[in-house]
Amino acid sequence: MSEYIKSFIRVRPAGVGSDLATGSSIAVEGGKTVKMKRDNEPPHEVDAVLDNASQAAVWDTVGEKALDVAIGGSHSVIAVFGESLAGKTYTVLGDGDGLVYRIAEKLAGNADANLTVVLLHHDAVQDLAKPSADNLKIKVDDATGASVEGSTTVRIPDMAAFKSHLEACGKAREEAAAKSFDCMLATAYIFGTGSGSITVIECSGSERALHAGATPDQISENKARIKALVAYQRCWLDAAINADPKAIAWKDSKLCRFVQPGLSAAMDAKGYAAQVVCLRNVTEAMLENCCNATYAASCVKQEGLKSVSEYKEKIEFLEERLDTAEKEKVRLQQEAKAAEAAALKAKADHEAKLKELEDEKGELAGKVNAVRQQCNQEIERLKKTLDTERQAHAKKQQEEVERMRNMATNAPQLAEQEVKRRLEELAKAHEERVAGIKSEIDQLTHEIKENKELLSDLEQLKKEREEQEKIAMKPVRELERELSKLQAELQTAGRSREDGLSAEQISENQRLWDARDELDDIEEDITKLALECMMLENGLENAIGEPSESSEDSDSDSDSDSDSDSDSDSDSDSSETPSEAEARAAKMAEQLAKEKQEAQEKVDRAAFEKEYAYFRECLKKEQFLLDLVEKIICYLEYGTNVSILTEKGFSRHFVYLAKDRTHLGVLGEVAEGTAPNKKNPQKLYKLDEVAAMVLGQHSPTFQHFLKAVSGRVDPPRTEQPPTAEQLTPNNMHRYYYRSFSMRTKKDDWVDVIADTQTDFEALVVALHRLTRRDALWGKKLYIDFCDQVDDLKPFERKFCEESHLTPQQYLSAKEKVLMNEELLYITLHDIRLLTSLDLYHAQRMLEMFMTHKWVVRRQLNYFKYQEKLERSAGNAAARLGFKDPNVADPDDLI
């Protein structure tokens, strides 16, 4: 054993690394010998075995003497060798207590002390303090030791500065390792002491084989690394058996040049050189441990061999070990080639399969995205429509929420205060009402008195006017009788409307003829009345039969007037014969009737055009709703994600309509962009076996979980709950207005919470239509303390409680729908648009309006349309079977 060249083995310290031990592979004997736990494996003797040794023990055994030699003016080197995960980095750096840190602690504050940290890769030298400085040159001098030209050399004033510098170098080393780990050779820490130097080298992993699937570039880099490590090992082996440093091939590798100063000085008995070979005491590292332990034993300085036979025995032993290593090398090379070929084949197969799957994924993603885009567009359009009115009520509803929440905690006191306030208001209102009624009675009494006087004056005036009309109409009576005769003759002159028709045709047209006859009678009465009024006005304008203006005129004036009238009458009688007067009256009556008919036709045409336009618009709205319901069902045929509650809690699922819309299928949650696999559903529910649909959270399972939530308050209908990802049993009451349950005829419950309000509406509308079951809320809404509750009639209050509408919401919707003068017809589409209700509750509101005759069916107009509308309108009316488009049949829509 030599005092200057040492070879140590360190078994990996406990707690270092990430190995999961599957069994030990090393047995330590006597503190200097290790033996592998396999057959025919000889023991390996070194200067010392550090078995599970502490960092302090390693320093005392290896580092302390090396530092003393360097401070004394010579050169020393410590090289740490071994496979990956064997504890090399822990030995060099540790947790701030490795060899490098202990050397720095001893040199800190020394004005002559300095440090250079370099990385060897691709057999090139890179400055870790300045990574851009690469491929630097090494200079070896007997006086200064090994140095790197152009590298960064720093002083060591204190440990804080040293740690900061070492951390920066460590980051640069990690970045270089990330680029190519297989090309890294070693990291060298060169300490200068002023008169000497100490170099600590951490070699890269000694393993010869790479992981499966390594690329050709990685294999080539690993071969170059192994070649440099073999040259490094040869230097230590030659130093162990030679005495002359000049016989060592220092220039075969740059790594050898860093070892040269310390190892050559040790060979001359001036310096110190120590090599620490790290082993992993696990079964899977058995082969690598055998190679490294043999190398460590071979590096022990051979001295005291006195006979040729001892040299021969040593040579034979080494040749035998060399043959074994060569055979192992060949076997490992063959295995590496086979593994490389298998890896390349597996990689090619994997890439081909991956490409095939990517093509299939792209095709499916395109189809899914097209359907999703169409659905999203429709959903966005519906959201915009529903959110328009909702935003206007948001603030008011928020205030209502706060009031209701406060009421939940102070309900008794608030109720008492509310009752007192209501009684006071009622008493005050009663007093004001009584005073107002008395004032109105006085005012009405005064008005009645005035109206009686006015009525008396009007009756007197009416009598006077009737007398004037009787006098004025005498000359016209004869003309009316003649005109009536002529009209009767004209009516009887035409042929009968039943001529040429069969009995079946007569029966079909009889209803139409009756309506026409009734209209003709009304029109004839209106014509007669208009003619009489026109004649009366004409007579009044010409003062026909008007008496003298003053009874105080002199007799001479009266005689003169009388004579003048007689002369005028005699002249008129002499100038126009009775037949001419009759013809002139008939012509005048015909002209008046024609003008009346044209005016009436214009009025009828204008009214018809307006009503026809509204009628066409209603047909479009109805068709839009039918299309909308069909789109909703088509959307659910594809499916959507929901949360389903079971006895174990919430779970995410994907529901869809299956088997021609007769079943509801359930799958596991489907990720966005992924096509659902509907071939094997987890569960199928027959829709014709659904016994009831309950809106809200009222099933036994819902109630079981809600009992565990203390202090909960049901949210208002307009409050937006959190997202589906935030749903838990503790906050599920906030999703009340997105929840519903289906009860089957076997009394099984399916409890669902929709992800969005749109999905909730779609599910309720589709299931209501397909199951023919009414969707009713599980409990009534409590509205006793809501504003405007006293403005509701009993049936309106019942409707609000069952539909979960506040009085303000209902009365606002009622005013918008029924008081809208622009609507000639009221459709389901109008109610849904004006009130922002979902489709199902809008239908229920329309049914209530129909029940109480606020919206009625109009049948007579459609017979009128049969005669006057164009062919398209006639076909549409026939197709509808004369059903009222003003109020759609609920079963036809939902």
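Reference entry: report on the structure contained in this document.

Some thoughts on the overall build of the protein
- The helix and strand tally for the protein stands at 21 helices and 22 strands.
- By the burial criterion, 38% of the 894 residues in the protein qualify as buried.
- Counting contacts in the protein only where the partners sit at least 6 residues apart, residues at least 24 apart contribute 67% of the total.
- Here the protein has roughly 51,900 Å² of accessible surface; of this, 50% comes from carbon and sulfur atoms.

Observations concerning the sheet that holds strand β19 (residues 690-695)
- Taking strand neighbours across the sheet as the criterion, the eight strands line up as β18-β17-β16-β15-β21-β20-β19-β22 in an open arrangement whose pairing is mixed. Every other strand in the sheet has two partners, leaving β18 (683-686) and β22 (775-777) as the edge strands with one partner each. Recorded for the sheet is a direction-independent mean angle of 35° between the axes of neighbouring strands.
- Taken together, the five bridges between strand β20 (residues 739-744) and strand β21 (residues 749-754) define a ladder with antiparallel strand orientation. In the sheet register, M742 faces β21, and the bridge partner there is V750.

Here we look at the nonpolar core
- In this structure, F740, M742, Y810, I831, M845 and F849 are the most contacted members of the largest nonpolar core, which totals 61 residues.
- The greatest single-element share of this core, amounting to eight residues, is contributed by helix α18 (residues 839-851).
- Excluding residues that lie within four positions of it along the chain, F740 makes contacts with M693, V694, L695, G696, F702, V750, D751, V752, F760, L763 and L767.
- Listed in part, the 51 residues of the second largest apolar core include C235, W250, V277 and A296.

Some words on the sheet that holds strand β3 (residues 33-36)
- Read across the sheet, three strands follow the order β2-β3-β4 without closing on themselves; strand pairing throughout is antiparallel. A single partner strand is all that each edge strand has here, and the edge strands are β2 (26-29) and β4 (44-45).
- Here β3 runs beside β4; their pairing, made up of two bridges, is antiparallel. Bridge pairing in β4 links V34 to H44.

Overview of the pairing of strand β16 (residues 649-658)
- Of all 10 residues that make up β16, seven are buried, and the element is covered over most of its length.
- Pairing between strand β15 (residues 640-646) and β16: seven bridges, direction antiparallel. Bridge assignment links T640 to a residue of β16, and that residue is V655.
- Hairpin geometry of β15 and β16 is characterised by an intervening segment of two residues between the two adjacent antiparallel strands.
- Across six bridges, β16 lies against strand β17 (residues 663-668) in antiparallel orientation. Paired with H653 across the strands is G668, a residue of β17.
- Connecting β16 to the antiparallel partner β17 that follows it, the hairpin turn spans four residues, and K659 within it adopts a positive phi of roughly 55°.

Focus: the side chain of S253
- Mapped onto the elements, S253 comes out in the loop between α5 (216-241) and α6 (254-267).
- Beyond its immediate sequence surroundings of up to four residues, S253 is in contact with D123, A228 and A231.

Section: the packing of aromatic side chains
- Scanning all chains against the criterion turns up 12 aromatic pairs.
- Taken together, the aromatic side chains of F81, Y232, W236 and Y295 make up a single cluster linked through ring pairs.
- Sitting above the plane of the Y4 ring, K65 keeps its charged end 5.8 Å from the centroid.

What about the pairing of β19?
- Within β19, five of the six residues are buried, which leaves the element mostly enclosed by the surrounding structure.
- The pairing of β19 with β20 spans five bridges and is classified as antiparallel. Each bridged residue has a counterpart across the sheet, and for V690 the counterpart in β20 is T744.
- Bridge analysis of β19 against β22 gives three bridges, and the strand direction is parallel. Of the residues in β22, the one forming a bridge with L695 is W777.

Section: a nonpolar patch on the surface
- Together, L454, L455, L458 and L461 make up a nonpolar patch on the protein surface, roughly 380 Å² of accessible area in all.
- Within the secondary structure layout, L454 lies in helix α9 (residues 411-493).
- When its relative accessible area of 46% is taken as the criterion, L454 is described as partly exposed.

Digging into the side chain of Q275
- Checked against the element boundaries, Q275 lands in strand β14 (residues 272-279).
- At 2.8 Å, the side chain of Q275 and the side chain of Y232 are in polar contact.
- Side-chain polar atoms of Q275 contact the side chain of Y295, separated by 2.7 Å.

So, a negative patch on the surface
- A surface patch of negative charge is lined by E313, E316, E319, E320, D323 and E326.
- Counting through the fold element by element, D323 comes out in helix α8 (residues 308-409).

Regarding a positive patch on the surface
- Among the surface-exposed residues, K659, K686, K745 and R773 lie close enough to one another that they form a single positively charged patch.
- Relative to the helices and strands, K686 is located in strand β18.

Structural notes on the pattern of salt bridges
- Counted under the stated rule, the structure contains 22 salt bridges.
- Where R421 meets E425, a salt bridge forms, and the shortest distance between an N and an O atom there is 2.3 Å. Remark: E425 and R421 occur in helix α9; sequence separation between them is four residues, near one turn of the helix.
- Here E425 falls in the partly exposed class, since its relative accessible area comes to 38%.

Section: unusual backbone geometry
- At N52, a residue that is not glycine, the phi angle is positive and equals roughly 55°.
- Residue N52 is classed as partly exposed on the basis of its relative accessible area, which comes to 48%.
- In this model, K659 sits at a positive phi of 55°, which is unusual for a non-glycine residue.
- Inspection of the secondary structure puts K659 in the loop between β16 and β17.

Rules of the game
- Residues numbered from 1 in each chain as written.
- Predicted model: local features only at pLDDT ≥ 70, side-chain atom pairs only at ≥ 80, totals over all residues.
- Heavy atoms only, no water.
- Helix = DSSP H or I, 4+ residues; strand = E, 2+ residues; numbered from the N terminus.
- Buried < 20%, exposed > 50% of the residue type's maximum accessible area, 1.4 Å probe, protein only.
- Contact = heavy atoms within 4.5 Å.
- Areas by Shrake-Rupley, 256 points an atom, 1.4 Å probe, with all protein chains shown as cover.
- Pairing = 2+ DSSP bridges.
- Axes fitted to C-alpha atoms, helices over the stretch in contact; angles between N-to-C directions.
- Core = buried A, V, L, I, M, F, W, Y, C linked by side-chain atoms within 4.5 Å.
- Phe/Tyr/Trp six-rings, centres within 6.5 Å; stacked < 30°, edge-to-face > 60°.
- Lys NZ or Arg CZ within 6 Å of the ring centre and 35° of its normal.
- Patch = residues over 30% accessible without salt bridge, like charges linked within 9 Å, V, L, I, M, F, W, Y side chains within 5 Å.
- Salt bridge = Lys/Arg side-chain N within 4 Å of Asp/Glu carboxyl O.
- Polar contact = N/O pair within 3.5 Å; in protein donor to acceptor, adjacent residues only side chain to side chain.
- Lys, Arg positive; Asp, Glu negative; His and termini not counted.
- Charge placed at Lys NZ, Arg CZ, Asp CG, Glu CD.

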